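Structural characterization, general
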Amino acid sequence: MNQFAISAANLVKEFKVNKHVVTAVNGLSLQVAPGETFGLIGPDGAGKTTTTRVILGLLSRTSGESSVLGFDSMNDMYQIRERVGYIAQQFSLPPNLTVMENMLFFAGVHSVDAEEQKKRIPELLAFAGLSEFSNRLAGKLSGGMKKKLALACSLIHEPQVVMLDEPTLGVDPVSRREFWNLLGNLRAEKGLTIFICTPYMDEAERCTRVGLIYEGKLIVDDSPANIKRVIPGHLLEFTPSDFSSALKLCNEMNGVLEVQTYGEKLHVFVDDVLKCKTQIEDALASQGIAYDHLREIEVRMEEAFISLIRRQKESVEQNEMIGEVR
Amino acid sequence: MSAEPFTARNHELPILIQNLTKRFGDFTAVDNVSFNVQSGEVFGWLGPNGAGKTTTIRMLLGLIKPTSGNAFVLGFDSATQTKLVHANVGYMSQQFTLYSDLTAMQNIRFYGGVHGLSSDELRQRIAEIIRTAGLEGRENTLTGSLSGGWKQRLALGCAIVHHPKVVFLDEPTAGVDPISRRQFWELIYQMAKEGVTVLVTTHYMDEAELCQRVGFITGGKLVALDSVSQLKQTQMRGQVLEIGASDPEKAMRILKAAQLNGRIPFDEVALYGAQIHAVMPDAQKYKEAIQRLLMGEDVQVSSIERVAPTLEDVFISSVKAPAAIV
Ligand SMILES: Nc1ncnc2c1ncn2[C@@H]1O[C@H](COP(=O)(O)OP(=O)(O)OP(=O)(O)O)[C@@H](O)[C@H]1O
Ligand SMILES: Nc1ncnc2c1ncn2[C@@H]1O[C@H](COP(=O)(O)OP(=O)(O)OP(=O)(O)O)[C@@H](O)[C@H]1O
Ligand SMILES: [Mg+2]
Ligand SMILES: [Mg+2]
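Residues numbered from 1 in each chain as written. Chains lettered and ligands numbered in written order. Predicted model: local features only at pLDDT ≥ 70, side-chain atom pairs only at ≥ 80, totals over all residues. Heavy atoms only, no water.

Notes on the overall build of chain B
Heads up, the condition is: Starting at the N terminus, helices and strands are each numbered in turn, a helix being any DSSP run of H or I of at least four residues and a strand any DSSP run of E of at least two. The buried label applies to any residue whose accessible area, calculated with a 1.4 Å probe on protein chains only, is under 20% of its type's maximum; exposed applies above 50%, and partly exposed to all values in between. Here a residue-residue contact requires only that any non-hydrogen atoms of the pair lie within 4.5 Å. Areas reported as accessible are Shrake-Rupley estimates using a 1.4 Å probe. Residue values count occlusion only from the protein chains shown.
Helix and strand counts for chain B stand at 12 helices and 14 strands. Principal axes of the C-alpha set define a box for chain B whose edges measure 70 × 50 × 35 Å. Across the 326 residues that make up chain B, the buried fraction comes to 57%. Summarising the internal contacts of chain B: among those between residues at least 6 apart in sequence, 68% fall at separations of at least 24. Entry remark: accessible area of chain B is about 13,600 Å², with carbon and sulfur atoms responsible for 50%.

Next comes the structure, spelled out in structure tokens:
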């Protein structure tokens, strides 16, 4: 037995496609302690879903080790399933069962006794905002409502560990907050261990630790605060009246390390806040570009993600160039 | 021609909805909604899960018939001139609808063929779409084994393969990474510049900020309809204080308690990434009290200032208690 809730060491997963091999997970190691909330983030196709499914034992691994609560992914699948709640990225609930029938079905699968069912099902339905729709067929729920029902079903057996693959996809902003509050409560009250893949960087922010996966490898594994600290420079934010001119102007400016777009705002990483703020103000004024709310803000995971991926890509390209020169 | 008496103006409008209502049994999913979208406009169709967004789009596409009221696309009556509507629009549905057992390229070819593209046009479009979707090297991968984010990119490509004049995108960016999210929006804007009209739903409020106009629907009713900047003025009943704290989760608990016991009249306190957004009638008045309260419980306050509301603040405010009925 090891002391980790989830662990993987040098995990490799290859898919054979036609005649060639796709390496979806490429020597990945991670460890999640009990009670931790671990967020797995990374670009589309980086290997998040595959990693999750291999750890759960739903896909066989090509090599390496992986386990959940000390149970081996390949050999102890049954033990794992009993103790873990899982939501697949692309799931489907039985569409011809009603909301209530779905809950009862999952409760049955996990042998939740009748007393417990009576208590938990109403709680979970209320959390999912589905109490008044308990007789509606799952197939007739809206996209987000289906997702919430899946969440409720995955928590019915009070698992010790949940592995959630993009659980809040299509869930509205208010419910997304409620979902995270619920996870927070479960963590505080029951010591639930949470492993979550997410494309939402504000959710990554709420994890105790975040792993950034890139082409099947974990390239960063740290707390959100430490990850953000690694990004060089300070961050200025403003809303220009003329977006593309302002973007160009910042890109060409001395002391600007990186420029990102965020909605209608520009995010500019600079080496020196005072110097660059004045520079930007002057340049905008001289080009007659109006702007709003130019100020320093704290770096968030959203900016950190973009910056880290950008630098990773650049370093891969640079290595390729060095290789070619040689 | 439809029997509906529509005026010349209707013809010019890419999207026109008049008193549209849809009931399923005795449940009203869309309740007397009216709005229109101008040519070349990017219109955000927003609201919580189950609000009626997808149902509205399905009526615009003629996939389901309204219980009462009318939907017109490019002057065609969606209910009676469905074929003409389909020939001129692109639709990316919330549910994944590509063929899993076709390769990425075969899917594009299939959708191009359905819309009657010549083989020359097809060849060109396939190359363009593969490139914009970043699917180079994956042309021959079975769509079913593409990752979730890549499927979304391909689905967007297939929806616009025939250069439609009006495009309906139902949560196009659900599950795509932060970098490709930005690329999706660049593409949406590129299309709009070329005169394409876009109606888009999303649960990412930072993206919705990019729409020229947005409509908020909740419980089937249109509750707000305006430009983003106008909505921020008319829909927010309160001011937003942004708080940076050493321990955001603890700070949240303290502020929530203060809200409950009425010590500070917060309308809303919510985590916003690593920061806290607190909404209250008079931010300036309570700023110091909040700071003292947090410091008193050993939470360091790194920043506390009034900020302009984000669309997410507005969303929460509108959905909780609709202020204006359009
Ligand atoms: N069954 C399969 N057969 C072949 N290749 C596969 C299969 N499943 C996944 N892949 C490939 O493995 C890689 C990783 O995919 P995975 O779904 O794990 O990515 P992801 O990080 O979850 O992406 P997303 O954020 O878009 O969901 C991709 O190249 C994908 O095409
Ligand atoms: N065929 C149907 N029969 C019964 N009810 C339906 C049917 N289709 C939709 N509904 C209900 O209509 C309401 C609106 O659903 P719709 O899919 O339009 O929501 P939405 O705003 O798109 O939500 P989401 O953000 O979750 O996608 C929901 O309560 C849904 O359950
Ligand atoms: Mg995935
Ligand atoms: Mg929908």
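Structure shown, so let's carry the discussion forward.
Comments concerning the interface of chain A and chain B
The cut-off we apply is this: Note on definitions: buried area is the accessible-area loss of two parts on being combined, 1.4 Å probe, summed for both. A pairing counts as a salt bridge when a side-chain nitrogen of Lys or Arg comes within 4 Å of a carboxyl oxygen of Asp or Glu. Whenever two N or O atoms come within 3.5 Å, that pair is a polar contact, provided that in protein one can donate a hydrogen and the other can accept it, and provided that, for residues adjacent in sequence, both atoms are side-chain atoms.
Each side of the interface is counted separately: chain A has 42 residues, and chain B has 48 residues. Regarding the contact of chain A and chain B, the summed buried area is about 3,700 Å², with carbon and sulfur atoms giving 51% of it. Considering only the side of chain A, the residues that lose the most area to chain B are A:Asp44, A:Pro173 and A:Arg177, jointly responsible for 19% of the buried surface there. Counting every contact that joins chain A to chain B gives 7 salt bridges. The interface formed by chain A and chain B holds 15 residue pairs in polar contact (both at pLDDT 80 or more) in total. Within the residue set of the side of chain A that touches chain B, elements represented by two or more residues are α5 (143-154), α6 (173-190), α7 (201-204), β12 (256-262), β14 (291-297) and α11 (301-325) of chain A.

Some points on the pattern of salt bridges
Throughout the structure, instances matching the rule amount to 32 salt bridges over all chains. Among the ionic pairs, A:Glu303 bridges to A:Arg300, the shortest N-O distance being 2.5 Å. For the pair formed by A:Glu303 and A:Arg300, the shared burial category is buried. Close ionic contact of B:Lys221 with B:Asp31 constitutes a salt bridge, the shortest N to O distance being 3.1 Å. One end of the pair, B:Lys221, is in strand β10 (residues 221-227); the other, B:Asp31, is in strand β2 (residues 27-37), with 190 residues separating them in the sequence. Given a relative accessible area of 42%, B:Lys221 falls into the partly exposed group. Three or more residues are tied together by salt bridges with common partners; here these are A:Glu302, B:Arg181, B:Arg182, B:Asp206 and B:Glu207.

Remarks on the coordination of the magnesium ion (ligand 4)
Residues and elements named next belong to chain B. Operational definition: Metal-coordinating donors are taken as N, O and S atoms lying within 2.8 Å of the metal, or within 3.2 Å when the metal is Na, K or Ca; because water is left out, some sites can appear incomplete.
Coordination of the magnesium ion (ligand 4) by the protein is provided by Thr 54 (OG1) and Gln 94 (OE1), with metal-donor distances spanning 1.9 to 2.2 Å. On the criterion of sequence distance, the pair formed by Thr 54 in helix α2 (residues 53-60) and Gln 94 in the loop between β6 (89-92) and α4 (104-114) is long-range, its members being 40 residues apart. Classification of Gln 94 by relative accessible area gives partly exposed; the value is 25%.

A look at the environment of B:Trp185
Residues and elements named next belong to chain B. Relative to the helices and strands, Trp 185 is located in helix α7 (residues 178-193). When its relative accessible area of 5% is taken as the criterion, Trp 185 is described as buried. Spatially, the C-alpha atom of Trp 185 lies 30 Å from that of Asn 32, the residues being 153 residues apart in sequence. Not counting residues up to four positions away in its chain, the partners in contact with Trp 185 are Val 42, Thr 173, Val 200, Glu 207, Leu 210 and Cys 211. Within the local environment of Trp 185, its side chain forms a polar contact with the side chain of Glu 207, the two groups lying 3.3 Å apart.

Here we look at α4(B)
All names here are of chain B. Put simply, the rule is: Comment: arc refers to directions from the helix axis out to C-beta atoms.
Along α4, the residues classified as buried are Ala 104, Asn 107, Ile 108, Tyr 111 and Gly 112. Down the axis of α4, the buried set is contained in an arc of 130°. They therefore lie on one face. Structurally, α4 contributes buried residues whose contacts are with α5 (119-132) and α6 (148-159). Backbone geometry just downstream of α4 places Gly 116 in the positive-phi region, at approximately 70°.

Considerations on the coordination of the magnesium ion (ligand 3)
Angles at a metal have ideal values that depend on geometry: 109.5 degrees with four tetrahedral donors, 90 or 180 degrees with six octahedral donors. Residue and element names in this part refer to chain A. Those protein atoms acting as donors to the magnesium ion (ligand 3) are Thr 49 (OG1) and Gln 89 (OE1), and they sit at 2.0 to 2.1 Å. Separated by 40 residues along the polypeptide, Thr 49 in helix α1 (residues 48-55) and Gln 89 in the loop between β6 (84-87) and α3 (99-109) bring together distant segments of the chain. Thr 49 gets classed as partly exposed once you look at its relative accessible area, which sits at 25%. Taking the relative accessible area as the measure of exposure, Gln 89 reaches 12% and is therefore buried.

What to know about a nonpolar patch on the surface
To be explicit about the condition: The patches reported here contain residues having more than 30% relative accessible area and no salt bridge. Joining distances are 9 Å for like charges and 5 Å for nonpolar side chains (Val, Leu, Ile, Met, Phe, Trp, Tyr).
Residues B:Tyr99, B:Phe110 and B:Val114 make up a contiguous nonpolar surface patch of roughly 280 Å² in combined accessible area. Within the fold, B:Tyr99 resides in the loop between β6 and α4.

Some points on the domain arrangement of chain B
A common way to report how large an interface is uses the accessible area buried once the components associate. Inclusion rule: The split into domains, and so the bounds of each, comes from an automatic or database assignment of domains.
Each assigned domain of chain B is listed here: domain 1 (15-232) and domain 2 (238-308). Here domain 1 of chain B and domain 2 of chain B have C-alpha centroids that lie 38 Å from each other.

As for the site of ligand 1
This is how it is decided: Nearness is defined per residue: one heavy atom within 4 Å of the molecule or strand is enough. Note on residue classes: Ala, Val, Leu, Ile, Met, Phe, Trp, Tyr, Cys and Pro are nonpolar, Asp, Glu, Lys and Arg are charged, and everything else, Gly too, is polar.
As a structural note, the neighbourhood of ligand 1 is formed by 18 residues, with A:Lys48, A:Thr49, A:Thr50, B:Ser147 and B:Gly149 the closest of them. At ligand 1, the nearby residues belong to more than one chain, namely chains A and B. Within the side chain of A:Gln89, a nitrogen or oxygen atom sits 3.0 Å from an oxygen atom of ligand 1. Residue B:Gly149 places a main-chain N or O atom 2.6 Å away from an oxygen atom belonging to ligand 1. When ligand 1 sits alone it has 640 Å² of accessible area, and the protein chains cover 86% of it. Elements with a contribution of two residues or more to the shell around ligand 1: β1 (6-17) and α1 of chain A together with α6 of chain B. In the shell around ligand 1, the residues fall into 6 nonpolar, 9 polar and 3 charged.

Description of the site of ligand 2
Contacts to ligand 2 come from 21 residues, most closely from A:Arg136, A:Ser142, A:Gly144, B:Thr54 and B:Thr55. Within the side chain of A:Ser142, an N or O atom sits 2.6 Å from an oxygen atom of ligand 2. At 2.8 Å from an oxygen atom of ligand 2 is found a main-chain nitrogen or oxygen belonging to B:Gly50. Isolated, ligand 2 exposes 650 Å² of accessible area, and the fraction of that covered by the protein chains is 89%. Every element with two or more residues in the shell around ligand 2 is listed here: α5 of chain A together with β2 and α2 of chain B. Partitioning the shell around ligand 2 into residue classes produces 7 nonpolar, 10 polar and 4 charged.

Some details on the packing of α6(B) against α7(B)
Residues and elements named next belong to chain B. Rules: To obtain an axis, a line is fitted to C-alpha atoms, over the contacting stretch when the element is a helix, and the angle between two such axes runs from 0 to 180 degrees between their N-to-C directions. Note on angle classes: values under 35 degrees are labelled roughly parallel, values over 145 roughly antiparallel, values of 65 to 115 roughly perpendicular, and the remainder oblique.
In the contact formed by α6 and α7, the axes pass within 12 Å of each other and the chain directions differ by 5°. It follows that α6 is roughly parallel to α7 by the angle criterion. Contacts between α6 and α7 involve Gln 152, Arg 153 and Leu 156 from the first element and Ser 180, Phe 184 and Leu 187 from the second. Its residues placed into classes, the contact of α6 with α7 shows 3 nonpolar, 2 polar and 1 charged.

What to know about the sheet that holds strand β14 (residues 301-307) of chain B
All names here are of chain B. Here is the rule: By definition, two strands form a pair when at least two bridges between them are found by DSSP.
Pairing is antiparallel in the open sheet, where 4 strands are placed in the order β12-β13-β11-β14. In this open sheet, the two edge strands, each paired with only one partner strand, are β12 (268-272) and β14. Averaged over all neighbouring strand pairs, the angle between strand axes comes to 20°, with direction disregarded. Relative to strand β13 (residues 275-280), β12 runs antiparallel, the two being bridged by 5 bridges. Paired with Leu 271 across the two strands is Ile 276, which belongs to β13.

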